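# What the coordinates show
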Amino acid sequence: MQFFRGHANALWNLTPTVFRDDIILKFHRKRMEYLRTSQVIEFEFSLLHDFLFGCDEQGISIPYDSHDFRSSMDYSTAMARYADSTAGWPHKEFHSILAMAQHHGIPTRLLDWSRSSLVAMYFAASQVLNSKVETEQRLAVWVLDADNTTLANIGLETVSPAGSVSENLAAQKGLFLLYKEPSNASYTDEFCPETEKSLIDDLLANNVKVYKFTLPANTAGELLLRCMKFNVSATTLFPGVDGVAKGVMEFKLAKHQASIL
């Protein structure tokens, strides 16, 4: 199986948002040298718990909702479950809400990928066009070539939620790569941001086929225009009025950048 991911900057690591230094410092507010893995998991769970509460308040459906799921999302129950060992976090009952939360801006340990190379190219180009980039910067598209058995052997797992989790996820042919806490994980383990930052990169590089293709960032406009020829744009990847508006503006940005090459 092949999966694809786009980055505006070829120097970026394959780092899930919840492991990123800026996210931890901004929202967790713990000094790095005193942070434990168990505290990061508690932080992750608290985000999911609050996200679920907010969806309930707004009458928003949660995929695969059930009595058992609600029991697992009880704060006291979850903290007791991982009090002595963080091994296996997050278990399968949390996968769907993790995916839904991730696609709506909640930091999680899921890393977005797509089954479509064109979708990955679009995201790399779009990120460049919608941000300030350095003159020498290069965008990148990652290609991961591995089966689930190989990934499981190195502590990684693919998560492919139903399309009902998010219409954006369905349109983007999306799936996630999940890093699970190893079987020997302990609640007393120290959390090392620099280790976690490159963890997935190292696991992939040493154990499976993974490739990174780069282009100069100033070709992003041309790349986006080529994606549009295959009907891959914000309009098709973000169903709804907001996606149409984003597509219109990105087309203008792409035409402008392509014209000044």
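Our structure is the block above this text.
Throughout this document, residue positions are counted from 1 along each chain, in the order its sequence is written. Under the rules for a predicted model, residues below a pLDDT of 70 receive no local features and side-chain atom pairs below 80 are neither given nor counted, while totals for whole chains, interfaces and linings still include all residues. In computing side-chain values, all of the structure's heavy atoms are included and hydrogens and water are not.

### Thoughts on the pattern of salt bridges
- The working definition used for a salt bridge is a side-chain nitrogen of Lys or Arg within 4 Å of a carboxyl oxygen of Asp or Glu. Taken as a whole and assessed by the stated rule, the structure comprises seven salt bridges.
- For the salt bridge of D56 with R70, the shortest nitrogen-to-oxygen distance reads 2.6 Å. On the criterion of sequence distance, the pair formed by D56 in helix 2 (residues 37-58) and R70 in helix 3 (residues 67-72) is long-range, its members being 14 residues apart.
- Of the charged contacts in the structure, one is a salt bridge between K246 and E250, with a shortest N-O distance of 3.1 Å. Here K246 and its partner E250 are both found in helix 12 (residues 241-259), four residues apart, which amounts to about one turn of the helix.
- Three labels apply to residues, based on accessible area from a 1.4 Å probe with only protein chains included: buried if under 20% of the type maximum, exposed if over 50%, partly exposed otherwise in between. With a relative accessible area of 1%, E250 lands in the buried category. To qualify as a helix, a DSSP run of H or I must reach at least 4 residues; to qualify as a strand, a run of E must reach at least 2; elements of each kind are numbered from the N terminus.

### Things to note about the packing of aromatic side chains
- Any two of the Phe, Tyr and Trp rings considered here, Trp counted by its six-membered ring, make a pair once their centres fall within 6.5 Å; the pair's planes then place it as stacked at under 30 degrees, edge-to-face at over 60, or tilted in between. Under the counting rule described, the total for this entry stands at seven aromatic pairs.
- Members of the aromatic cluster, connected to one another through ring pairs, are F45, Y75, W89 and F94.

### With respect to the packing of helix 6 (residues 117-129) against helix 12
- The N-to-C vectors of helix 6 and helix 12 enclose an angle of 80°; their axes lie 10 Å apart at closest approach. The angle between helix 6 and helix 12 places the two elements in the roughly perpendicular class. Contacts from Y122, S126, V128 and L129 of helix 6 reach helix 12 at K246, E250, L253, A254 and Q257.
- Residues are grouped as follows: Ala, Val, Leu, Ile, Met, Phe, Trp, Tyr, Cys and Pro are nonpolar; Asp, Glu, Lys and Arg are charged; all remaining types, including Gly, are polar. When its residues are assigned to classes, the contact of helix 6 with helix 12 shows five nonpolar, two polar and two charged. For every element, the axis is a line fit to its C-alpha atoms; helices are fit only across the contacting stretch, and the angle between N-to-C directions ranges from 0 to 180 degrees. To sort the angles, those under 35 degrees are grouped as roughly parallel, those over 145 as roughly antiparallel, those from 65 to 115 as roughly perpendicular, and the leftovers as oblique. The contact criterion used is simple: two residues touch if any of their non-hydrogen atoms lie within 4.5 Å.

### Things to note about unusual backbone geometry
- Phi at Y64 is positive, roughly 60°, even though this residue is not glycine.
- In this fold, Y64 is placed in the loop between helix 2 and helix 3.
- Residue Y64 is classed as exposed on the basis of its relative accessible area, which comes to 57%.
- For K173, which is not glycine, the phi dihedral falls at a positive 50°.
- Take K173: it is sitting in the loop between helix 8 (167-171) and strand 5 (174-179).

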